[in-house]
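# Summary of structural features
As a plain string of letters, each chain reads:
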Amino acid sequence: MIRYIILICIGSIALSSCNRCSSEKTDSWNDIPQEVIDGNNFEDIVVPVDVINQMVNVSSPVETAALIKGLKIPFNRDYLADTKFTNSYSTSFKKALGLGVFGADMGYLNMYEKPTLVIDYLSSVNSLADGLQVGQFFDFKTLKRIATNKENLDSLMVISQQSFNKIDNYLKQTNRGSLSVVIIAGVWLEGFYLSTRVYQDSRHSRIRETIGEQKIVMSNLMVLLEIFKKDSNIAALIKDFNEIKVLFNDVVITVVMGEEPIPIVKNGVVTFIQSDKQTVEMSDETLGAIIEKVQSIRKKIVEG
Amino acid sequence: MKNIALFFLLTAGIFGYSTVAYSQSEDELVEICGMIAGEATFLKDFKIRLDSGDPPPIQRFSVILKKGIKYRFSVCNSKDQDGKVVLQLLDNNRLLATTHIVATGKDWPFIDYVCTKTGAYHLFFSFKDGKSGLAVGLLSLVEAEGGS
């Protein structure tokens, strides 16, 4: 009898351990395989965790697309990056930049609910994520199934976003924060590029303003890139981006501070409405120069 | 005596197993939080894990919010810990929004924020009364200017 009880105890503890093992596979937070930390072929700079945690979350592939769609500007496939260059992204740096660019394009496609076109971008993103050893966070099969069957397109957006967030967290936790910042730079540049193309076609004043507002977003992104400037690839990217930054010197952004927002409860939802007023001023020449520079840097990056 | 010791060992083994089996993971909390956010489009999750303390410890994140976007911030607590999370949105030193309305004493599972200025904002997460806790915060997009 005593033997049986001991066996049950050992069994319980063993099961408990196994359960911990299986949950670790899906919990990107706590479990970082040593081979991933050690097997990093990207010239990396280790940044303290508290600095990593203070990194500003600069860019989402969804917000720019939502803004464009919200203004009733029609979808245009020609704005998107060509995926035919994916295989030529041979280094981790290029893969990370490509991942950001295609991630932004997926946000645009998902926002306009174009699942058929998404599949091509899914394949590229999956291949680049595998190349960076973060493919385990990208649920390619599920995403492809949803896109192919055109079922529950909302979940296509959610799973895509979550995958990118998991990749971002994992890279930061595995001392590959530099790659995370490069992905963010790719997302930002592609979103910026989309805005420039949309402006050229629509001449919409709000899109013009959005282009000017990138001065603020870029200043935050540059702080992140500067952390890793010892890496030669990132130094080169900073040099390219500085050419845009110089043009932003002629963009004037004015903010009139308002009162602190007061909560308004309506239909069971509490809403805070910011009362600050922000205006952006720039000449047509400055705008033209920014558009030209952004498009030329983006071309160089997409074509590898 | 030996049997009593074995009984405790057996109980501890089974209890330990069941605790692990039913504890909530951060990913589960993200899913629950997503349901709280409703129709809003998921943008980013923030995982909060704090020890108890006085004054209450704060976990801080920074985000860029964009003019013309209505955002939704939702929060949810792990059932395994006592702490009830409070989110505060700040711009430099100004409190712009919070899930805990002091005037009414009410905690909201989500709040909406209409942004009129593109820039860096700070999210401060803490647990009420300085308790330890595990929680998730979610940033979602409700609509863009013009009504997306």
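It should be noted that the structure appears before, not after, this text.
About the cut-offs
- Residues numbered from 1 in each chain as written.
- Chains lettered and ligands numbered in written order.
- Predicted model: local features only at pLDDT ≥ 70, side-chain atom pairs only at ≥ 80, totals over all residues.
- Heavy atoms only, no water.
- Axes fitted to C-alpha atoms, helices over the stretch in contact; angles between N-to-C directions.
- Helix = DSSP H or I, 4+ residues; strand = E, 2+ residues; numbered from the N terminus.
- Parallel < 35°, antiparallel > 145°, perpendicular 65-115°, else oblique.
- Left-handed = near helix turned anticlockwise from the far one by under 90°.
- Contact = heavy atoms within 4.5 Å.
- Nonpolar A, V, L, I, M, F, W, Y, C, P; charged D, E, K, R; others polar.
- Salt bridge = Lys/Arg side-chain N within 4 Å of Asp/Glu carboxyl O.
- Buried < 20%, exposed > 50% of the residue type's maximum accessible area, 1.4 Å probe, protein only.
- Phe/Tyr/Trp six-rings, centres within 6.5 Å; stacked < 30°, edge-to-face > 60°.
- Lys NZ or Arg CZ within 6 Å of the ring centre and 35° of its normal.
- Polar contact = N/O pair within 3.5 Å; in protein donor to acceptor, adjacent residues only side chain to side chain.

### Points about the packing of helix H9 (residues 177-202) of chain A against helix H12 (residues 284-302) of chain A
The axes of two packed helices give the description: the angle between them and the distance between them. All names here are of chain A. At a closest axis distance of 9 Å, the pairing of H9 and H12 adopts a crossing angle of 130 degrees. Judged by the angle between their axes, H9 and H12 are oblique. Crossing of H9 against H12: the hand is left-handed. Contacts from Leu 189, Glu 190, Phe 192, Tyr 193, Thr 196, Arg 197, Tyr 199 and Gln 200 in H9 reach Leu 287, Ile 290, Ile 291, Val 294, Gln 295, Ile 297, Arg 298 and Ile 301 in H12. Of the residues belonging to the contact of H9 with H12, the class tally is ten nonpolar, three polar and three charged.

### Structural notes on the pattern of salt bridges
Under the criterion given, the structure shown has 20 salt bridges over all chains. We note a salt bridge from Lys 117 of chain B to Asp 276 of chain A, for which the minimum N-O separation is 3.9 Å. Residue Lys 117 of chain B is found in the loop between strand E8 (110-114) and strand E9 (119-127), and its partner Asp 276 of chain A is found in the loop between strand E4 (269-273) and strand E5 (277-281); the two belong to separate chains. For the pair formed by Lys 117 of chain B and Asp 276 of chain A, the shared burial category is buried. Of the charged contacts, one joins Asp 107 of chain B and Lys 128 of chain B as a salt bridge, the two residues approaching to 2.5 Å between their closest N and O atoms. Here the residue Asp 107 of chain B occupies a position in strand E7 (residues 106-107), and Lys 128 of chain B occupies one in the loop between E9 and strand E10 (133-144), the gap between them amounting to 21 residues. The exposure class assigned to Asp 107 of chain B is partly exposed, which follows from its relative accessible area of 34%. Given a relative accessible area of 27%, Lys 128 of chain B falls into the partly exposed group.

### Here's the deal with the packing of aromatic side chains
Evaluation of the coordinates by the stated rule reveals 15 aromatic pairs over all chains. Judged by centre distance (5.6 Å) and plane angle (50 degrees), the ring pair of Phe 75 of chain A and Tyr 112 of chain A falls under tilted. One end of the pair, Phe 75 of chain A, is in the loop between helix H4 (61-70) and helix H5 (92-111); the other, Tyr 112 of chain A, is in the loop between H5 and helix H6 (115-131), and 37 residues separate them in sequence. Three or more aromatic residues link up through ring pairs in this structure, and these residues are Phe 75, Tyr 79, Tyr 108 and Tyr 112 of chain A. Against the face of Tyr 112 of chain A rests Lys 69 of chain A, its NZ or CZ located 6.0 Å from the ring centre. Here the guanidinium or amino end of Lys 106 of chain B rests over the ring plane of Trp 108 of chain B, the centre of that ring lying 4.1 Å away.

### Notes on the side chain of Thr 98 of chain B
With respect to the element layout, Thr 98 of chain B can be found in strand E5 (residues 94-98). Reaching out from Thr 98 of chain B, the side chain makes a polar contact with the backbone oxygen of Leu 87 of chain B at a distance of 2.9 Å.

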